[in-house]
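Here's the letter readout for the chains.
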Amino acid sequence: MTDAPRPLIIDTDPGQDDAVALLVALASPEFEVLGITTVAGNVPLARTQVNARKVCELAGRTDVPVFAGCSRPMVRALRTAEEVHGVTGLDGPDLPEPTMALEPRHAVDWLVDTLMAAADASVTICPVGPLTNIAMALVKQPAIAAKIREVVLMGGGFFEGGNTTPAAEFNIYVDPHAAHVVFSSGVPLTMIPLDATHSALMSRAWMADLGAVDTQVARATVAMLEFYERFDMERYGTEGGPLHDPCTIVYLLRPDLFETRFCHVAVEIASELTMGMTVVDWWDATGNEPNCTVARRIDADGLYDVIGTCLKRYPL
Ligand code: RIB
Ligand code: CA
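Residues numbered from 1 in each chain as written. Chains lettered and ligands numbered in written order. Predicted model: local features only at pLDDT ≥ 70, side-chain atom pairs only at ≥ 80, totals over all residues. Heavy atoms only, no water.

What about the environment of P127?
Okay, step 1: As for its position among the elements, P127 is in strand β4 (residues 123–127).
Okay, step 2: We classify P127 as buried; its relative accessible area is 0%.
Okay, step 3: Excluding its chain neighbours within four sequence positions, the residues that come into contact with P127 are D11, I134, V151, V152, L153 and M154. (Helix = DSSP H or I, 4+ residues; strand = E, 2+ residues; numbered from the N terminus. Buried < 20%, exposed > 50% of the residue type's maximum accessible area, 1.4 Å probe, protein only. Contact = heavy atoms within 4.5 Å.)

Looking at the sheet that holds strand β1 (residues 6–12)
Okay, step 1: Ordered by their spatial adjacency, 8 strands build an open sheet running β3-β2-β1-β4-β5-β6-β10-β7, and the pairing between neighbours is mixed. The outermost strands of the open sheet, each flanked by one partner alone, are β3 (66–68) and β7 (258–263). Within the sheet, the average angular offset between the axes of one strand and its neighbour, ignoring direction, is 20 degrees.
Okay, step 2: Across 4 bridges, the pairing between β1 and β4 is parallel. For L8, the partnering residue across the bridge sits in β4 and is T124.
Okay, step 3: The strands that helix α4 (residues 107–116) touches are β1, β2 (31–38), β3, β4 and β5 (148–154); relative to β2, the one it contacts most, it runs at about 150 degrees. (Pairing = 2+ DSSP bridges. Axes fitted to C-alpha atoms, helices over the stretch in contact; angles between N-to-C directions.)

Focus on the packing of aromatic side chains
Okay, step 1: Inspection of the entire model under this criterion finds 7 aromatic pairs.
Okay, step 2: Aromatic side chains F67 and W110 sit 4.4 Å apart centroid to centroid with 20 degrees between the ring planes, which places their arrangement in the stacked category. Within this pair, whereas F67 is found in strand β3, its partner W110 is found in helix α4, the two being separated by 43 residues in sequence.
Okay, step 3: The exposure class assigned to F67 is buried, which follows from its relative accessible area of 2%.
Okay, step 4: By way of ring pairs, the aromatic residues F158, F159, W282 and W283 are connected into one cluster.
Okay, step 5: Just above the ring of Y173 sits the side chain of R76; from NZ or CZ to the centre is 5.4 Å.
Okay, step 6: The ring centre of F227 lies 4.1 Å from the NZ or CZ of R230, which sits over that ring. (Phe/Tyr/Trp six-rings, centres within 6.5 Å; stacked < 30°, edge-to-face > 60°. Lys NZ or Arg CZ within 6 Å of the ring centre and 35° of its normal.)

Structure follows, in structure tokens:
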């Protein structure tokens, strides 16, 4: 007897790697994607909400509602990442402007309404951008915490350090106060940090295999990733870049591919030097109650097999 599809909400700042996370989720019958909420991050909200709709149209999934959420972090000024993702946030392919409508409700209001109408511990959320929308929903209606089955987020770093400052990873750095709210909320939480995503880099063979697939999804994905991975390849001197955000979706499909530990994690919101640092008590030095399942390594071959299989399911 197959399980019922898992109700899933993806909160995102597309972003080429976000786009692949969306494509993997939308091609997986294991999920019922209830909606996509967009947030300012890699590029401003005006672009992330368009990019999410472009990806839904590329996937042939205009049935999935897309919402615009917060246009800036809770406290700090917005920091974007056009140097990585390009001015559009989805540089690489030339995807047409979307014709599907943006939902009129604010993403935070839709999150609260949807979660409050759901059964307890029933909805999974994958935030793959700054956590502003999720934190604002928790502040607006704390009772949603009981409705959340788990949050699996891409963000943070510990032994690997940061990619935006020496101490902080982009999603957490952009809105550290939102991250503090989420990590302190008590919701069942899994964090896929740079330690994990940097252990599983894209290979030339995998890109070539995808490049041989004659579909618009494959062509667009290769164009996106060829643009996107150049930044990390140059910075880290590697043969391929990390594919951060799809790791959250693959974790839900194949948790066996991930080495994890249940730890206490806190977010720095006081010191400018280490602002947004995820302080992971990997060795239980403090005795603080663990609040987060932290991924340290990923089976790279397994990860890219799953991503490639999902992308190849698209007929066009
Ligand atoms: O640090 C990587 C994260 O920041 C990814 O989610 C990427 O899309 C950017 O948002
Ligand atoms: Ca992202």
